[in-house]
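As a plain string of letters, each chain reads:
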Amino acid sequence: MAEAGTDTITTQVPSRLDRLPWSRFHWRVVIGLGSVWILDGLEVTMVGNVAARLTEDGSGLDISAAQIGVAGAIYIVGACLGALFFGQLTDRLGRKKLFLWTLVLYLVATVATAFSFSPWYFFLCRFLTGAGIGGEYAAINSAIDELIPARVRGRVDLIINGSYWLGSAAGSALSLVLLSTVLLPIDLGWRLAFGFGAVLGICVLIVRRHVPESPRWLFIHGREEEAERIVRGIEEGIEEERGEKLPAAEGSLTIRQRRAIPFREIAAVAFRKYPRRSILCLALFVGQAFLYNGITFNLGVLLSSFYDVGASLAPLFIIFWALSNFAGPVILGHFFDSVGRKPMITLAYLGSAVVTLPLAWVFLSQTGGLTAFMILLVITFFLASSGASAAYLTVSEIFPMETRALAIAFFYALGTAAGGIAGPLLFGSLIETGERIPVAIGFLIAAAVMSLGGVAELVFGVRAEGQELEDLATPLTAQEGDGPGDGDGERGGAGTGDRA
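Since we're looking at a predicted model, the values are computed, not measured.

Asker: I would appreciate a short explanation of helix α14 (residues 314-332) in the present structure.
Answerer: Note: α-helices contain 3.6 residues per turn, so residues at a spacing of three or four share the same orientation. When the terminal C-alpha atoms of α14 are compared, their 28 Å separation across 19 residues agrees well with the 27 Å that a helix rising 1.5 Å per residue should span. Listed as buried for α14 are Ala314, Pro315, Ile318, Ile319, Trp321, Ala322, Ser324, Asn325, Phe326, Gly328, Pro329 and Leu332.

Right, dumping it as structure tokens:
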């Protein structure tokens, strides 16, 4: 219970949330918040699937393969700027308010995309759609980590982030129908594809209204009574569900409540207090963004250009690829809590980089044709998908509570701007050459960038498995001496610091 006080309170909210058994409440959080990744997967893959169709005569949109790459880059620019803008608002105004606002922006922009009539309009819609999705990243990942118990935070976070690929598979399956010229005119099917994304988004908006605000955010911002009421309601629901009383929570946290924290103070935390963690997060995000965005936005065009896969059949191959990406976090996720973050993230990044080498060789030599290429692509991204999801997990749990959303936004934006914009542009231009050697070199560059993320995890990785968020990084508002310690490599207690 929060002790009486105006500016300083002692609360057990974090320990009460972390000791909860898995329940229907947690499933609501997973479904309500994790659905953003399904939307993102649907959006990104939809463009990849319809890319070949958009470049055909009669599509209603006079756009080239290189411009498809530009559209992918513009989407990422929007996501980066949206993450930064909405990320700051998420830390200031709350998780729930922002994950509703950003979803509405996504819905409006997606509907507008369906009415595209020229490249510039298509680019604008992709920018606004990306801004909505980017804002979702910061609000959703911070809320997920603050509501999910520490003992399962790793696997749940990975599976939720990995659900991106369910959206990708759904988008591909939908494209098989909507891109069939037997069923729909060439200039209509791809428009309906974007409209379907809006329908799904409306369903998510309805479900998400029942997800509460983060109690951790509430008690820091002077709303401890509301935080207590939410946590008490969750506990009572679980006790009724299980038919037994919950054990008493252990440990408490004393903090100075602050309704607003200056941006300069938040920004200084990452680089002055946690420089090693900042390098780690940047390397992880650059690696996964370059590989994923470069190939995802251009995979449909690559298959049609080098393997003669028609626009109507390309989604079939992408479905299998997407499902392998989802299988990675699902199958490997629990090892991130048992074996640990550091060895598993290193394996995911370095392993995918190594498999990319024979992938490039098979593509260049044409050995085994499309079958061999798809098998190696599936193996590469089975590993890479766990690493990509772990990048979001890492940045969302190793920075102080007050900076969590902005930290996610900042490293996503910086890393994605470096890797996610360059990737689609590079692969788009390499594919347009029509030559295999340049594209194979692109695969090798992607492998090198991913390997840097693996090395960074090996050197700077934090063993965050099973640790409460407040132990991993003491809140900025915690009373001096109350937290377990601060800084990279400095240990004042049980949990904070970069543990190599």
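Still more ground to cover, so stick around.
Asker: What am I meant to see in the packing of helix α12 (residues 275-296) against helix α17 (residues 369-397) here?
Answerer: Each pair of packed helices can be summarised by the angle the axes make with each other and by the distance between the axes. Two numbers describe how α12 lies on α17: the axes approach to 9 Å, and their chain directions differ by 140 degrees. Here α12 lies oblique to α17, going by the angle between them. For the element pair α12 and α17, the recorded crossing hand is left-handed. Residues Leu280, Cys281, Leu284, Phe285, Gln288, Leu291, Tyr292 and Ile295 of α12 form the contact with α17, whose own contacting residues are Phe381, Ala384, Ser385, Ala388, Ala391, Tyr392, Thr394 and Val395. Here the residues of the contact of α12 with α17 sort into 13 nonpolar, three polar and no charged.

Asker: Can you walk me through unusual backbone geometry in this structure?
Answerer: In most cases, non-glycine residues show a negative phi, while peptide bonds are predominantly trans. Phi angles above zero are rare outside glycine, and aspartate 308 is one such case at about 55 degrees. With respect to the element layout, aspartate 308 can be found in the loop between α13 (299-306) and α14. Despite not being glycine, glutamine 366 shows a phi value in the positive range, around 65 degrees. Residue placement: glutamine 366 occurs in the loop between α16 (341-365) and α17.

Asker: Explain a nonpolar patch on the surface to me, please; I cannot follow it from the model alone.
Answerer: On the surface, Phe117, Trp120, Leu124 and Leu128 cluster together to form a nonpolar patch covering roughly 430 Å² of accessible area. Note on placement: leucine 124 falls in helix α5 (residues 119-147).

Asker: Which parts of the structure should I look at to understand the packing of aromatic side chains?
Answerer: Remark: the centre distance and the inter-plane angle together describe each pair of aromatic rings, the angle taken between the planes. Taken as a whole and judged by the stated rule, the model has 22 aromatic pairs. Their ring planes at 65 degrees and their centres at 6.2 Å tell us that tyrosine 307 and phenylalanine 363 sit as a pair that is edge-to-face. Note that tyrosine 307 is positioned in the loop between α13 and α14 and phenylalanine 363 in helix α16, a separation of 56 residues in sequence. Judged by relative accessible area, tyrosine 307 falls into the buried class, the value being 13%. Note on phenylalanine 410 and phenylalanine 411: the rings are 5.2 Å apart at their centroids and 85 degrees apart in plane angle, and the pair reads as edge-to-face. Residue phenylalanine 410 is classed as partly exposed on the basis of its relative accessible area, which comes to 27%. One Lys or Arg, arginine 436, reaches over the ring of tyrosine 307 and ends 5.1 Å from the middle of that ring.

Asker: Whenever I open this one, the pattern of salt bridges confuses me. Can you help?
Answerer: Opposite charge on two side chains permits them to pair, given that their charged atoms come into close proximity. One pass over the full model with this rule turns up 13 salt bridges. Close ionic contact of arginine 404 with glutamate 146 constitutes a salt bridge, the shortest N to O distance being 2.6 Å. Residue arginine 404 is found in helix α18 (residues 404-419), and its partner glutamate 146 is found in helix α5; the two are separated by 258 residues along the sequence. Per residue, the accessibility class of arginine 404 equals that of glutamate 146, and both read buried.

About the thresholds
- Residues numbered from 1 in each chain as written.
- Predicted model: local features only at pLDDT ≥ 70, side-chain atom pairs only at ≥ 80, totals over all residues.
- Heavy atoms only, no water.
- Helix = DSSP H or I, 4+ residues; strand = E, 2+ residues; numbered from the N terminus.
- Expected span 1.5 Å × (residues − 1).
- Buried < 20%, exposed > 50% of the residue type's maximum accessible area, 1.4 Å probe, protein only.
- Axes fitted to C-alpha atoms, helices over the stretch in contact; angles between N-to-C directions.
- Parallel < 35°, antiparallel > 145°, perpendicular 65-115°, else oblique.
- Left-handed = near helix turned anticlockwise from the far one by under 90°.
- Contact = heavy atoms within 4.5 Å.
- Nonpolar A, V, L, I, M, F, W, Y, C, P; charged D, E, K, R; others polar.
- Patch = residues over 30% accessible without salt bridge, like charges linked within 9 Å, V, L, I, M, F, W, Y side chains within 5 Å.
- Areas by Shrake-Rupley, 256 points an atom, 1.4 Å probe, with all protein chains shown as cover.
- Salt bridge = Lys/Arg side-chain N within 4 Å of Asp/Glu carboxyl O.
- Phe/Tyr/Trp six-rings, centres within 6.5 Å; stacked < 30°, edge-to-face > 60°.
- Lys NZ or Arg CZ within 6 Å of the ring centre and 35° of its normal.

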